[in-house]
Amino acid sequence: MAGVLKGATTPAQDEQPAPAPGRRSRITPEREAELYEAVLELLRDVGYDALTMDAVAVRTRSSKATLYRQWGGKAELVAKAIRNCKPGGIGDVDTGSLRGDFHALARREDDCAMEQNSALMRGLAMAIHHNPDLLRAFRELLVEPEMKDFRNVLQRAVDRGEVRADNPALDFVVHMLIGAFATRALIEDQPPTQAFLLSYIDAVVLPALGVPTP
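Residues numbered from 1 in each chain as written. Predicted model: local features only at pLDDT ≥ 70, side-chain atom pairs only at ≥ 80, totals over all residues. Heavy atoms only, no water.

> Sorry if this is basic, but what is going on with the side chain of Asn167 here?
Relative to the helices and strands, Asn167 resides in the loop between α9 (132-160) and α10 (173-188). Polar side-chain contacts of Asn167 include one of 3.3 Å to the backbone oxygen of Ala208. Setting aside residues no more than four positions away along its own chain, Asn167 makes contact with Ala208, Leu209 and Gly210. (Helix = DSSP H or I, 4+ residues; strand = E, 2+ residues; numbered from the N terminus. Polar contact = N/O pair within 3.5 Å; in protein donor to acceptor, adjacent residues only side chain to side chain. Contact = heavy atoms within 4.5 Å.)

> It is not clear to me how the pattern of salt bridges should be interpreted in this structure. Could you clarify?
Side chains bearing opposite charge may pair, as long as their charged atoms lie close to each other. Scanning all chains against the criterion turns up twelve salt bridges. Salt-bridge contacts for Arg59 lead to Glu41; the nearest nitrogen and oxygen are separated by 3.0 Å. Here Glu41 lies in helix α3 (residues 29-46) and Arg59 lies in helix α4 (residues 53-60), a separation of 18 residues in the sequence. Classification of Arg59 by relative accessible area gives partly exposed; the value is 24%. Taking relative accessible area as the criterion, Glu41 reaches 33% and is therefore assigned partly exposed. Close ionic contact of Arg156 with Asp94 constitutes a salt bridge, the shortest N to O distance being 3.6 Å. Pair noted here: Arg156 is in helix α9 and Asp94 is in the loop between α6 (74-84) and α7 (98-106), with a separation of 62 residues, a long-range link. By sharing partners, the salt bridges in this structure join Glu41, Asp45 and Arg59 into a single network. (Salt bridge = Lys/Arg side-chain N within 4 Å of Asp/Glu carboxyl O. Buried < 20%, exposed > 50% of the residue type's maximum accessible area, 1.4 Å probe, protein only.)

> What am I meant to see in helix α11 (residues 194-209) here?
Given 3.6 residues to a turn, an α-helix orients residues that are three or four positions apart in the same direction. Taking 1.5 Å of rise per residue, 16 residues should cover 22 Å, and α11 covers 21 Å from first to last C-alpha, within 8% of that figure. The sharpest bend along α11 measures roughly 40° and falls at Ile201. Turning to α11, its buried residues are Phe196, Leu197, Leu198, Tyr200, Ile201, Asp202, Val205, Leu206 and Leu209. Those residues of α11 that are buried lie in contact with α7, α8 (111-130), α9 and α10. Positive backbone phi, at 80°, marks Gly210, one or two positions downstream of α11. (Expected span 1.5 Å × (residues − 1). Bend = angle between axes of the 7 residues up to and from the residue.)

> What am I meant to see in the packing of aromatic side chains here?
The geometry of an aromatic ring pair comes down to the distance between the two centres and the angle between the two planes. Inspection of every chain in the model, using the stated rule, returns two aromatic pairs. Relative to Trp71, the ring of Tyr36 lies with its centre 5.7 Å away and its plane at 65°, an arrangement referred to as edge-to-face. Here the residue Tyr36 occupies a position in helix α3, and Trp71 occupies one in helix α5 (residues 64-71), the gap between them amounting to 35 residues. A residue is classified by how much of its surface remains accessible, and Trp71, at 1% relative accessible area, is buried. The aromatic ring of Tyr48 is capped on one face by Lys74, whose charged end is 4.2 Å from the ring centroid. (Phe/Tyr/Trp six-rings, centres within 6.5 Å; stacked < 30°, edge-to-face > 60°. Lys NZ or Arg CZ within 6 Å of the ring centre and 35° of its normal.)

This is the structure in structure tokens:
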């Protein structure tokens, strides 16, 4: 860890972006994915507060000026790294039924990936609520796009006649799903798993929406 952070600036210094008008991309998709993976590794190693652009530059053999030109700052870089690790967009799932869509979403990640992502998000939760830039980046790059995709999934179910348009639970589906994913470790000291989420969907989410389950 010390080697990773060698030569790193303080967080306050690190948040000062280098002048970067235009921020044109000169990074290949492969290089971008490599950078995102390095950011996630650093997040797991040191957490958000201790992660610096200097450390990312050292880990990825990049210049800090290039990182700022591409991403503007640490908050946007972290949010985009989290978004990049997600297995496809929610809006890409359309099985023809709401239960099928929810089950397909729950199966996109295996149990190992869920456990890693759950631990990562727990570590970021405090930083998100104490860092306005990170909160803004997460809302713009992750929360709002995923809420839009979820609304489309639910609207298809309404259009198919599976869910009544005036069902009050429609406004709380994302809260239910995120709550199940985020709180299992707190309540049961167990990571979220596919089996747990599939059972939760059938026992809680679909009945709340008035969708029958087998």
